[in-house]
Each structure stands twice: as structure tokens, then as C-alpha cells.
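Examination of the molecular architecture
In case you want the letters, here they are:
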Amino acid sequence: MHPALNIAIKAARRAGQIINRASNDLDLLKVTAKQPNDFVTEVDKAAEAAIIEMLQEAYPHYGILAEESGETAGAGSRDTEYQWIIDPLDGTTNFIHGMPQYAVSIALARAGVVEQAVIFDPNRNELFTASKGGGAFLNERRIRVSRRLKLQDSLIGTGFPYRAFDLVDTYLAIFKELTQKTAGQRRPGAASLDLAYVACGRYDGFWEFGLAPWDMAAGALLISEAGGLVSDLRGEASYLTSGNIVAGTPKVFAPLLNIIQEKLPDSLRG
Ligand code: IPD
Ligand code: CA
Ligand code: CA
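**A look at the side chain of Asp194**
Mapped onto the fold, Asp194 is located in helix α5 (residues 191-199). Here Asp194 is buried and forms no salt bridge, its nearest opposite-charge partner Arg187 lying at an N-O distance of 5.1 Å. When near neighbours in sequence (up to four residues on either side) are disregarded, Asp194 contacts Thr158, Pro188, Tyr203 and Phe206.

Okay, here's the thing in C-alpha cells:
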């Protein structure tokens, strides 16, 4: 195993312990709203601090992009091409409500290309990992995307727009069409796990608008290493910067992207 992946796994498990401990006492949780419908708790911050401490101890020269503390340059000028991308608690709204669907997500990018990925679900003790060129794993067993061939038979994950409402009508038009043309859609509320579920075949596809890089970085590598396809709304690779992502098995991806593209305003169409 790549040593950086090994450290990232340890950091994700450490964060998972902090989250699990806090989940026993949700009444004590202090919640603040960063903006409307965007919450943060001291657990997000404590988990992030623990992750960063472990990663920096092992790789002091690597940069960091983390949801709660933002961008930090690595020490000195060496290894500036490496950056950890961290979501210490993906699914905070679920966590606050005691809904057991959230995860820790850690990715390592080199010159903007994600090479290592860890997503840890502390409720189910499920550890998803991937290394570029080395495949994707769930609890150390190799995972592949599903063999589903038709969109009509597919279970599709998604995320509702609940902060930026500019695309809500577009979103609903796509949602309506996909509800008629798939076996069903799901919105569990933690994008990193949604992507991991495409990688291990629980979903056949996924789409969401307005995500942040830390929601997607690890999950997207998992999917491509599991044999799936991931793109932005134009069918290109810039989902980490656009925040809009479509993913699926090789057969389901194209019809899913087509339906989404047909409903997009011209400004977003490829
Ligand atoms: C959120 C979750 C959710 C997605 C949101 C994200 P957070 O992350 O991944 O599924 O729909 O857009 O912001 O804020 O809980 O880390
Ligand atoms: Ca997130
Ligand atoms: Ca988060």
C-alpha cells in the first residue's frame, strides 16, 4: 500500500472515533450556521484538526485544502505540487439530526490530479480506498461498479440543491425526467458516500450540482478505479472546479448525462 494512503486511513479512522464518540451525546452539540442551511459543529472542527495533525506530521511539506480551515501551504517550498483535500465530516446535517449517514473523506492530489483516496463511514465501519492505477477497495476487498446496462433498471443517487437555488428549476426538471426513466433516485445526504456507493455498485449512477472539491475528490477516484466514468456537465473532467458532477457505470453514464444535458440552460451545456 502507498505510505500516504496508509497515513490517510489512520487519520480517517481517528476522525471517525471523534465523530462516533460525539454521536452518543448529540444533545450537547454546539451547532453554528456558516450561512443559511450550511452548518458546522465543534465535531467537524475537532475531526479536521486531528486529521491535519496526523497528515502534517507525516508530510509537513504537503499543502492542505480542508473544508473548515481552508487552504494551507506546506512547510518550506518542497513538494508544493501535493495537496490533501479533506472533508472531516461529510453529511453534517445528518450527523446533527442523528441520521447515521455521514463520512470522513480524504484525498491526495498531485498537481491537481487525485492519486490517493479514503472515505470512511464510522457508522458501518466501511473503509473505501483507492490509489490511482491500483484499483478501488471496500474493507480491503476489490470493488467494481455495477454491471447494470440500462438506465431504466438503474438506481441513481443525487443531492438536492438546498443552498444555491439558481438551478433549482433545472434540477427539478431533470429529477422529474429521471424519476420516469430509472428504477429510482435516492438522496441520503453525504456526497462522498454517494460516490463511494457508485464505486461499489450500490448505485448505478450519481448526479449533483454545486458541490465542493472536498465532497468529490476521493469519491471520484474511487469510481474511476472501480471502472466507472465521472465528468462535469459538459462530459469533461473539470468537476472539481465546476462543482457539478455526473458519474455512472460505463453503460449508464452516457444516457444519464444526455438526459441531464437536455434540460440544462445554454450557459451550462457542452
Ligand atoms: C454536504 C453533503 C451533501 C451535499 C452537500 C454537501 P457537508 O456536505 O455532501 O450530501 O448535498 O452539497 O455540502 O456540508 O455535510 O460536509
Ligand atoms: Ca461535504
Ligand atoms: Ca463537511
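**Some details on the layout of surface pockets**
Reported here for the largest pocket is a volume of approximately 740 Å³. As for the largest pocket, its lining consists of 36 residues, of which Tyr162, Arg163, Arg187, Glu208 and Leu211 are closest to the centre. When residues of the lining of the largest pocket are traced back to their parent elements, those giving at least two are β1 (31-35), β2 (38-41), β5 (82-90), α3 (92-96), α5 and α6 (213-225). Domain assignment of the residues forming the lining of the largest pocket places at least three in each of domain 1 (3-142) and domain 2 (151-269).

**Here we look at the coordination of the calcium ion (ligand 2)**
Donor atoms from the polypeptide that coordinate the calcium ion (ligand 2) comprise Asp87 (OD), Asp90 (OD) and Asp215 (OD), at 2.1 to 2.3 Å from the metal. In the primary structure, the donors to the calcium ion (ligand 2) are separated according to the pattern D-x2-D-x124-D. Taken as an interatomic distance, the gap from the calcium ion (ligand 2) to the calcium ion (ligand 3) is 3.7 Å; Asp87 donates to each of them. Neither Asp87 nor Asp90 differs from the other in exposure class; each is buried.

**A short note on the environment of Ala49**
Structurally, Ala49 is set in helix α2 (residues 42-58). Taking the C-alpha atoms as reference, Ala49 lies 8.7 Å from Pro88; in sequence the two are 39 residues apart.

**Description of the site of ligand 1**
Taken together, 15 residues lie near ligand 1, and Asp90, Gly91, Thr92, Ala191 and Glu208 sit nearest. Within the side chain of Asp90, an N or O atom sits 2.6 Å from an oxygen atom of ligand 1. One nitrogen or oxygen atom from the main chain of Ala191 is found 2.9 Å from an oxygen atom belonging to ligand 1. Top element by residues in the shell around ligand 1 is β5. It accounts for 3 residues. Residues of the shell around ligand 1, tallied by class, amount to 5 nonpolar, 3 polar and 7 charged. Looking at which domains feed residues into the shell around ligand 1, each of domain 1 (3-142) and domain 2 (151-269) gives three or more.

**Looking at the sheet that holds strand β13 (residues 205-208)**
Taking strand neighbours across the sheet as the criterion, the 5 strands line up as β12-β11-β13-β15-β14 in an open arrangement whose pairing is mixed. Across the chains shown, the open sheet's two edge strands, defined by having one partner strand only, are β12 (184-186) and β14 (229-231). Taken over all neighbouring pairs, the strand axes of this sheet differ in orientation by 20° on average, direction set aside. As judged from the 3 bridges shared by strand β11 (residues 155-158) and β13, these two strands associate in the parallel manner. If you follow Ile156 over to β13, its bridge partner there is Gly205. Along the sheet, α5 makes contact with β11, β13 and β15 (245-248), crossing β13 at roughly 155°. Across the face of the sheet, helix α8 (residues 250-263) comes into contact with β11, β13, β14 and β15 while running at roughly 150° to β15.

Calculation rules
Residues numbered from 1 in each chain as written. Chains lettered and ligands numbered in written order. Predicted model: local features only at pLDDT ≥ 70, side-chain atom pairs only at ≥ 80, totals over all residues. Heavy atoms only, no water. Helix = DSSP H or I, 4+ residues; strand = E, 2+ residues; numbered from the N terminus. Buried < 20%, exposed > 50% of the residue type's maximum accessible area, 1.4 Å probe, protein only. Lys, Arg positive; Asp, Glu negative; His and termini not counted. Salt bridge = Lys/Arg side-chain N within 4 Å of Asp/Glu carboxyl O. Contact = heavy atoms within 4.5 Å. 1 Å grid on protein atoms, 1.4 Å probe; cavity = no way out; pocket = protein on both sides within 12 Å on 5 of 7 lines; lining within 4 Å. Points joined across faces, edges and corners; volume = space filled by probe spheres on them. Domains from an automatic or database assignment. Donors = N, O, S within 2.8 Å, 3.2 Å for Na, K, Ca; no water. Near = heavy atom within 4 Å. Polar contact = N/O pair within 3.5 Å; in protein donor to acceptor, adjacent residues only side chain to side chain. Nonpolar A, V, L, I, M, F, W, Y, C, P; charged D, E, K, R; others polar. Pairing = 2+ DSSP bridges. Axes fitted to C-alpha atoms, helices over the stretch in contact; angles between N-to-C directions.

Take it as geometry only, folks, not as evidence of what the structure does.
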